Every structure is written in structure tokens, then in C-alpha cells.
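Residues per chain are reported as follows:
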Amino acid sequence: DTGVSQDPRHKITKRGQNVTFRCDPISEHNRLYWYRQTLGQGPEFLTYFQNEAQLEKSRLLSDRFSAERPKGSFSTLEIQRTEQGDSAMYLCASSSPGIQGGNIQYFGAGTRLSVL
Amino acid sequence: AQKITQTQPGMFVQEKEAVTLDCTYDTSDQSYGLFWYKQPSSGEMIFLIYQGSYDEQNATEGRYSLNFQKARKSANLVISASQLGDSAMYFCAMREGGTSYGKLTFGQGTILTVHP
């Protein structure tokens, strides 16, 4: 069983460019989460999907951010008109009810974004 | 107010000794979950241990145990017989509310260094 996969692992972009990240959850997991982690901080919640439905969005998710999970499998996170403040690690996690007490979220290795 | 507080920015331990990483939390919910994750320098968040608010026994997973003191709102992680590979950042996290799918709120983390 493969874990959560994120692509790319690293992305360097110029300010103002658009970027898109992909997350492939653990295959039987129907819940998918995006978090952002800046240097020296803990991850902060961005958004959450159950199957293809986006059920919660943080106020951190400005209008420049959009996340999709079109068929309830992989998800994409797009940032338009990137700013230097978007530089961070973007983490994806997935979970499934009932498989383990506590509905454990399993994380991918993250995509590190650097905006120049 | 911080929902998760980790007061130890850094901790040092000798190999084979035990170490306790502190975590206090703040919630008015009766049902909640507490989690510990390990983040090595590679960036991936690795799930270690979970404690539900209604669990009467402290959670244990191998060398990891969670010292849950509900009245004090603390959920300290105890690592026994430390190994060099335990050197990493450790995050305490909480999921509030009675649902099992909610977002996690993370603390600032504690960097653990294991000396040979």
C-alpha cells in the first residue's frame, strides 16, 4: 500500500506566476486535507474534501487559491499570481473513517514552494 | 489564545534514555482527539500516536506513550529508549468537536536531538 504522494516535491517560481500542486491520497481514503507550513511553524489547515466535495475552507485560502478533487481521488491546489508570502511547504493528508480509531490523517512529503 | 502550546523549542536527550515532550491544549469541547506527529528533516509528517478525550487509558505505541492528564489539559509524549533516528521535529495536534473528520490544529513543535 503506497502512502500519500505529492508532486512536485519542490517548485521555484517567479512572483506573479501560477503554480499547481498535485496530491494522490492513499487509495481507500475518501477524505483529503491541504495544510500549509512556513519555516519554524506547525502546519496550518487550508481546506478539506470528502470525496469530491470541498467541505471546509480556511480564511487562509484567499481568492488566489483554489483546490479541486474532481473525481474524489487525486486533488490539485492552484495558486494564482504567486506572492513571496506564498513561499511555504504545502502538505497533503488523507484519512478514512473506521479504519483506525481517531480517523488518523496520513501526510505526504509535501511540496516546497519558493517564490522569487 | 493558542489552542496547542508546546513550550519546549528544543530538547536534548542521550541515546537510550527516555524523554518527555510537553503539550498543553485549550478547548471547550467535550469530545476531541490529540495526536503526535514526527517530522524529520525530509519534511514528511509521520503519525506516532493518538488519544481520544474519552479514552480512559493512556495511549501507547511501541516506544511512544502519551501521558494524558485531562484535568490539566496536557498530552505529553514520552519516548522511551531514545534512538539516534528519533532526532526530528515533533508536533502535537488536536482535532476538536465530535466529528472524526475535522481539521487538525498544530502546536509550534519541539526539536528533539538525540546524542550518542
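Residues numbered from 1 in each chain as written. Chains lettered and ligands numbered in written order. Predicted model: local features only at pLDDT ≥ 70, side-chain atom pairs only at ≥ 80, totals over all residues. Heavy atoms only, no water.

## As for the sheet that holds strand E1 (residues 5-7) of chain A
Residue and element names in this part refer to chain A.
Step number 1: The strand order across the open sheet built from four strands is E1-E3-E8-E7, with neighbouring strands paired in antiparallel fashion. In this open sheet, the two edge strands, each paired with only one partner strand, are E1 and strand E7 (65-68). For this sheet the average axis-to-axis angle between neighbouring strands, irrespective of direction, equals 15°.
Step number 2: Bridging between E1 and strand E3 (residues 19-24) involves three bridges; their strand directions are antiparallel. Its bridge partner lying in E3, Gln-6 is registered against Cys-23. (Pairing = 2+ DSSP bridges. Helix = DSSP H or I, 4+ residues; strand = E, 2+ residues; numbered from the N terminus. Axes fitted to C-alpha atoms, helices over the stretch in contact; angles between N-to-C directions.)

## A look at the side chain of Ser53(B)
Residues and elements named next belong to chain B.
Step number 1: By the element assignment, Ser-53 lies in the loop between strand E6 (46-52) and strand E7 (60-61).
Step number 2: Note on Ser-53: relative accessible area 3%, which makes it buried.
Step number 3: Setting aside anything within four residues of it in sequence, one finds Ser-53 in contact with Gln-30, Ser-31, Tyr-32, Phe-68 and Lys-70. (Buried < 20%, exposed > 50% of the residue type's maximum accessible area, 1.4 Å probe, protein only. Contact = heavy atoms within 4.5 Å.)

## Overview of the interface of chain B and chain A
Step number 1: Contacts between the two partners involve 19 residues from chain B and, on the opposite side, 24 residues from chain A.
Step number 2: Together chain B and chain A conceal approximately 1,700 Å² of surface at their shared face, both sides included; 54% is due to carbon and sulfur atoms.
Step number 3: Lys103(B) is the partner of Glu56(A) in a salt bridge, and the nearest nitrogen-oxygen pair spans 3.5 Å.
Step number 4: The interface formed by chain B and chain A includes six residue pairs in polar contact (both at pLDDT 80 or more).
Step number 5: Those elements that provide at least two residues to the side of chain B that touches chain A are strand E5 (32-39), E6 and strand E10 (88-96) of chain B.
Step number 6: In terms of residues, the side of chain B that touches chain A owes the most to one element, E5(B), which gives three residues.
Step number 7: Of the residues contributing to the side of chain B that touches chain A, the split by class is nine nonpolar, seven polar and three charged. (Buried area = accessible area lost by both parts, 1.4 Å probe. Salt bridge = Lys/Arg side-chain N within 4 Å of Asp/Glu carboxyl O. Polar contact = N/O pair within 3.5 Å; in protein donor to acceptor, adjacent residues only side chain to side chain. Nonpolar A, V, L, I, M, F, W, Y, C, P; charged D, E, K, R; others polar.)

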